[in-house]
Amino acid sequence: MVLVDGRVARRRAERRSRVTFVGVLGEVFITAGVLVLLFLGWQVWLNDIVVGGQQKNQAIEQSQTWSKGEASAPAPAVRPDPGPPIVMASAPADDVQFANLIIPRFGSDYTRPILEGVAVHGALADGIGHYPGTQMPGDVGNVALAGHRTGWGAPLGDIGNLMVGDSIYLETEDGWYKYIFRTFAYVMPTGVDVLAAVPQNPEAAPTDRILTLTSCNPKTTAAERIIAYSIFDTWYPRAGGPPPELAPEVAAAAAAG
Amino acid sequence: MYGALWRVLPGPWWVRALILAAAAAVVLTACVLWVFPWVNDFITPQDVTVEGQ
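Rules and cut-offs
Residues numbered from 1 in each chain as written. Chains lettered and ligands numbered in written order. Predicted model: local features only at pLDDT ≥ 70, side-chain atom pairs only at ≥ 80, totals over all residues. Contact = placed C-beta atoms within 7 Å. Helix = DSSP H or I, 4+ residues; strand = E, 2+ residues; numbered from the N terminus. Nonpolar A, V, L, I, M, F, W, Y, C, P; charged D, E, K, R; others polar. Core = buried A, V, L, I, M, F, W, Y, C linked by C-beta atoms within 7 Å. Buried ≥ 20, exposed ≤ 12 C-beta atoms within 10 Å, placed from the backbone. Pairing = 2+ DSSP bridges. Axes fitted to C-alpha atoms, helices over the stretch in contact; angles between N-to-C directions. Parallel < 35°, antiparallel > 145°, perpendicular 65-115°, else oblique. pLDDT = per-residue confidence, 0-100. Expected span 1.5 Å × (residues − 1). Bend = angle between axes of the 7 residues up to and from the residue.

**Considering the interface of chain A and chain B**
Turning to step 1, where the next piece is worked out: Residue-level contacts link 29 residues of chain A with 18 residues of chain B.
Turning to step 2, where the next piece is worked out: Where the side of chain A that touches chain B is concerned, the elements lending two or more residues are helix 2 (21-67) and strand 7 (209-217) of chain A.
Turning to step 3, where the next piece is worked out: Across the side of chain A that touches chain B, the residue classes break down as 17 nonpolar, nine polar and three charged.

Here you go:
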């Protein structure tokens, strides 16, 4: 009996330790699943932090190039009317940076480069894209921008957190254009009328200066588009110093650079 | 597969655990540095723009 028990036990041990096809297949599947989860975590979290940081540094670097030799003291809270904003004559070539998007609601140090065009492997991979044919910052009409809400740095990841009255700045070589966030809209991906000089009214002649941000909605899907409309408030010529709200960040960047 | 790997490794259990942890760290680093960015290039980014059909 002892002999039989020993043989049974040995056979059981062999069965347990034997590498079977199904066993290996299962382990391969589990490993693949873990790798896919890791990839997703990398894509929507870790890589967004890394790429977002790169985009921010690019924006800061460009801002410092523009500011070279200019006063860094903030513009006074009360100042004379700066007059109508200077508007860039024409857009640069595709995928070339010409402005920065600064939204204090997304963090006091939030700044991202704005590049011409909305190519997914061009401007949108490196920051915010500017719809070709829409107006330039400060112009009468509509400055239409697009950015990712998840992945690829997620420059507009927090777009849903905007609150009425939030300031949004477009920084160019000429200075800072301040817009005030007014309202959201939700449209289908074919809703191109949001890009019109008078949004949703393509035939009308523009009189207002509008900023339109577009991103995907709901977050992490692409079924619809979230639209954030803002309206021009004032502008700060570069020679007069940065807007008071942004002055601490501009000074910190200048000190670090 | 993993069971066989465990039995093939030499040394007491904590040496095997150390070897496996080091191997996992190497695999993870390679994924983050090379494999994930490479895979990402094949994934069509989500559309964030509005455009006509």
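**Observations concerning the nonpolar core**
Turning to step 1, where the next piece is worked out: Among the nonpolar cores identified, the biggest contains 49 residues, and A:L101, A:I114, A:L145, A:Y169, A:Y177 and A:A228 are the most heavily contacted of them.
Turning to step 2, where the next piece is worked out: Residues in contact with A:Y177, not counting those within four places in the same chain, are A:P85, A:P137, A:G138, A:Y169, A:L170, A:F232 and A:W235.

**A word on the pairing of strand 7 of chain A**
Residue and element names in this part refer to chain A.
Turning to step 1, where the next piece is worked out: For strand 7, the tally of buried residues reaches nine of nine residues, placing the bulk of the element in the interior.
Turning to step 2, where the next piece is worked out: Bridge count between strand 4 (residues 141-146) and strand 7: six bridges; the pairing is parallel. In the strand pairing of strand 7, A146 is matched with T214.
Turning to step 3, where the next piece is worked out: In this antiparallel pair of consecutive strands, strand 7 and strand 8 (residues 224-237), the connection spans six residues, and T220 shows a positive phi of 75°.

**Structural notes on the packing of helix 2 of chain A against helix 2 (residues 13-40) of chain B**
Turning to step 1, where the next piece is worked out: Where helix 2 of chain A meets helix 2 of chain B, the axes come as close as 11 Å, and the angle between the chain directions of the two elements is 85°. As judged from the angle between their axes, helix 2 of chain A and helix 2 of chain B are roughly perpendicular. In this structure, helix 2 of chain A uses A:L38, A:F39, A:W42 and A:Q43 to contact helix 2 of chain B, whose residues at the interface are B:C31, B:V32, B:F36, B:V39 and B:N40.
Turning to step 2, where the next piece is worked out: Residue classes in the contact of helix 2 of chain A with helix 2 of chain B are distributed as seven nonpolar, two polar and no charged.

**Focus on the confidence of the model for chain B**
Atom-level detail of predicted coordinates should not be read off regions where pLDDT is low.
Turning to step 1, where the next piece is worked out: For chain B, mean pLDDT is 88; residues scoring 70 or higher make up 96% of the total.
Turning to step 2, where the next piece is worked out: Predicted complex, confidence summary: ipTM 0.85, pTM 0.85.

**Considerations on the sheet that holds strand 5 (residues 167-172) of chain A**
Residue and element names in this part refer to chain A.
Turning to step 1, where the next piece is worked out: Ordered in space as 1-2-3-4-7-8-6-5, the eight strands form a closed barrel in which the pairing is mixed. The average undirected angle you get between the axes of adjacent strands in this sheet is 30°.
Turning to step 2, where the next piece is worked out: Where strand 2 (residues 111-116) lies against strand 3 (residues 128-130), three bridges are found, and the strand directions are parallel. Residue pairing in the sheet places E116 in a bridge with H130 of strand 3.
Turning to step 3, where the next piece is worked out: Sheet strands touched by helix 2: strand 1 (97-102), strand 2 and strand 5. Its angle to strand 2, the strand with the most contacts, is close to 80°.

**Remarks on the pairing of strand 5 of chain A**
Residues and elements named next belong to chain A.
Turning to step 1, where the next piece is worked out: Here strand 5 lies mainly inside the structure; five of its six residues are buried.
Turning to step 2, where the next piece is worked out: As paired elements, strand 1 and strand 5 share three bridges and run antiparallel to each other. Within strand 5, the position partnered with L101 by the bridge is L170.

**Re helix 2 of chain A**
Every α-helical turn comprises 3.6 residues, leaving residues that sit three or four positions apart pointing alike.
Turning to step 1, where the next piece is worked out: Compared with the 69 Å implied by 1.5 Å per residue over 47 residues, the 66 Å span of helix 2 of chain A between its first and last C-alpha is a close match.
Turning to step 2, where the next piece is worked out: Where helix 2 of chain A bends most, at A:W42, the angle is about 45°.
Turning to step 3, where the next piece is worked out: Every buried residue of helix 2 of chain A is accounted for by A:W42, A:N47, A:Q55, A:K56, A:A59, A:I60, A:Q62 and A:S63.
Turning to step 4, where the next piece is worked out: Where the residues of helix 2 of chain A are buried, they touch strand 1, strand 2, helix 3 (123-126), strand 5 and helix 4 (247-256) of chain A together with helix 2 of chain B.
Turning to step 5, where the next piece is worked out: A:G69, located one to two residues past helix 2 of chain A, shows a positive phi value of around 80°.

**Examining unusual backbone geometry**
Residue and element names in this part refer to chain A.
Turning to step 1, where the next piece is worked out: Cis geometry is found at the peptide bond from N217 to P218, where omega equals -10°.
Turning to step 2, where the next piece is worked out: Here P218 is to be found in the loop between strand 7 and strand 8.
Turning to step 3, where the next piece is worked out: Residues other than glycine seldom take positive phi values, yet W152 does so here, at roughly 50°.
Turning to step 4, where the next piece is worked out: With 25 C-beta atoms counted inside 10 Å, the residue W152 sits in the buried group.
Turning to step 5, where the next piece is worked out: One non-glycine residue with positive phi stands out, namely Q200, at about 70°.
Turning to step 6, where the next piece is worked out: If you trace the backbone, Q200 turns up in the loop between strand 6 (175-187) and strand 7.
Turning to step 7, where the next piece is worked out: Owing to 14 C-beta atoms within 10 Å, Q200 belongs among the partly exposed residues under this scheme.

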